[in-house]
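# Topology and contacts: notes
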Amino acid sequence: MNGVLYLSYTGQSKKIAEYFAERTGFDIFDISDPQRSGHSFDTAIFVFPVHCQNIPEKAKSALEKLCARNLVIVATYGKMCFGNVLYEIRRRYRHNIIAAAYVPTTHSYLKHDCEFTDFEGLTPVIEKLNAPSPVEIPRSYKNPFSDIFKGLRSRIGVKIRKSAACDNCGLCETACDFGAIKNGKTNGRCIRCLKCVSNCPSNALEFSLAAPMRMYLGKKKIDRLIIYV
């Protein structure tokens, strides 16, 4: 069995995963859905977002449980620093990684950022599936402070509020993977992934950025598709 697995909070990683599923004919699985996880794969493509230059905890858990003879890892990033996540996965987990990529996508906090469109640039990854062999992934730059209080930094930098449009439907609570929101109000478990904002049918959840976050996001963007095959 072959499959495309993905973790997606605002839909960017899901779009990349859907492209791979369409091109390969592989089944697609959302790792946040327990009913669609737990399979073993001959070849698996795993697409996930970089969070604060780190591997999201849900992605770590999936990688620990994943059973695949060949694995492709694809990290989507919001055109800021992507850290060292692919190298870290290569080093930490006992998977036969045959290809990897960093894909620049819309940043979760930048509403008008351009989406990724260079899907043909991912062709070398798909071609590698026909002749699988282990791939080398070099170390990349990671800010030495990126591992320190990353959840707290997100909560300080991004505020989420509900507006009068909220009808208490509870879908934000259902969508959240961390039990971090109830009745439109977040708690200390929130990592500011904005999945609740993206899934609100009434657009009743709004977010604002603190000045340091705005300054950070105003830096020159990294818009490179990087592939290792």
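In case you missed it, the structure is sitting above this.
This section reports on the structure supplied with the text. (Residues numbered from 1 in each chain as written. Predicted model: local features only at pLDDT ≥ 70, side-chain atom pairs only at ≥ 80, totals over all residues. Heavy atoms only, no water.)

Phi at Gln53 takes a positive value of approximately 65°, unusual for a residue other than glycine. With respect to the helices and strands, the residue Gln53 is situated in the loop between strand E3 (40–49) and helix H2 (57–65). The phi dihedral of Asn168 is positive, around 55°, even though this residue is not glycine. Judged by its relative accessible area of 52%, Asn168 falls in the exposed class. (Helix = DSSP H or I, 4+ residues; strand = E, 2+ residues; numbered from the N terminus. Buried < 20%, exposed > 50% of the residue type's maximum accessible area, 1.4 Å probe, protein only.)

Bringing helix H3 (residues 85–92) into the picture now. Listed as buried for H3 are Val85, Leu86, Glu88 and Ile89. Relative to the axis of H3, the buried residues are bounded by an arc of 160° and lie together on one face. Looking at the buried side of H3, the elements it contacts are E3, H2, strand E4 (67–77), strand E5 (97–104) and strand E10 (226–228). (Arc of directions from axis to C-beta. Contact = heavy atoms within 4.5 Å.)

All right, on to H2 then. All buried positions along H2 are accounted for by Ala59, Lys60, Ala62 and Leu63. Angularly, the buried residues of H2 cover 165° about the axis, an arc narrow enough to put them on a single face. In H2, the exposed positions angled more than 90 degrees off the buried face are occupied by Glu64 and Lys65.

What follows deals with the packing of aromatic side chains. Geometry of an aromatic ring pair is reported as the spacing of the ring centres plus the angle between the planes. A complete count under the given rule lists ten aromatic pairs for this structure. Considering the side-chain rings of Tyr109 and Phe207, the 6.2 Å spacing of their centres and the 45° angle between planes classify their relative orientation as tilted. You can see Tyr109 sitting in the loop between E5 and helix H4 (123–128) and its partner Phe207 sitting in strand E9 (residues 205–209), a full 98 residues away along the chain. Among the residues examined, Tyr109 registers a relative accessible area of 9% and is labelled buried. Residue classification places Phe207 among the buried positions, given a relative accessible area of 15%. When the ring of Phe116 is compared with that of Phe119, the centres are 5.2 Å apart and the planes differ by 75°; the resulting orientation is edge-to-face. When its relative accessible area of 23% is taken as the criterion, Phe119 is described as partly exposed. Pairwise contacts between aromatic rings join Tyr19, Phe20, Phe116 and Phe119 into one cluster. (Phe/Tyr/Trp six-rings, centres within 6.5 Å; stacked < 30°, edge-to-face > 60°.)

We now examine a nonpolar patch on the surface. A contiguous nonpolar surface patch, about 540 Å² in accessible area, is contributed by Phe145, Ile148, Phe149, Leu152 and Ile156. Mapping Phe145 onto the fold places it in the loop between H4 and helix H5 (150–157). Its relative accessible area of 59% is what places Phe145 among the exposed residues. (Patch = residues over 30% accessible without salt bridge, like charges linked within 9 Å, V, L, I, M, F, W, Y side chains within 5 Å. Areas by Shrake-Rupley, 256 points an atom, 1.4 Å probe, with all protein chains shown as cover. Salt bridge = Lys/Arg side-chain N within 4 Å of Asp/Glu carboxyl O.)

A few words on the nonpolar core. In this structure, Phe46, Phe48, Leu86 and Tyr102 are the most contacted members of the largest nonpolar core, which totals 34 residues. Looking at this core, the elements with two or more residues in it are E3, H2, E4, H3, E5 and E10. The leading source of residues in this core is E4, at five residues. With 21 residues, the next largest nonpolar core counts Val4, Phe20, Val103 and Leu122 among its residues. (Core = buried A, V, L, I, M, F, W, Y, C linked by side-chain atoms within 4.5 Å.)

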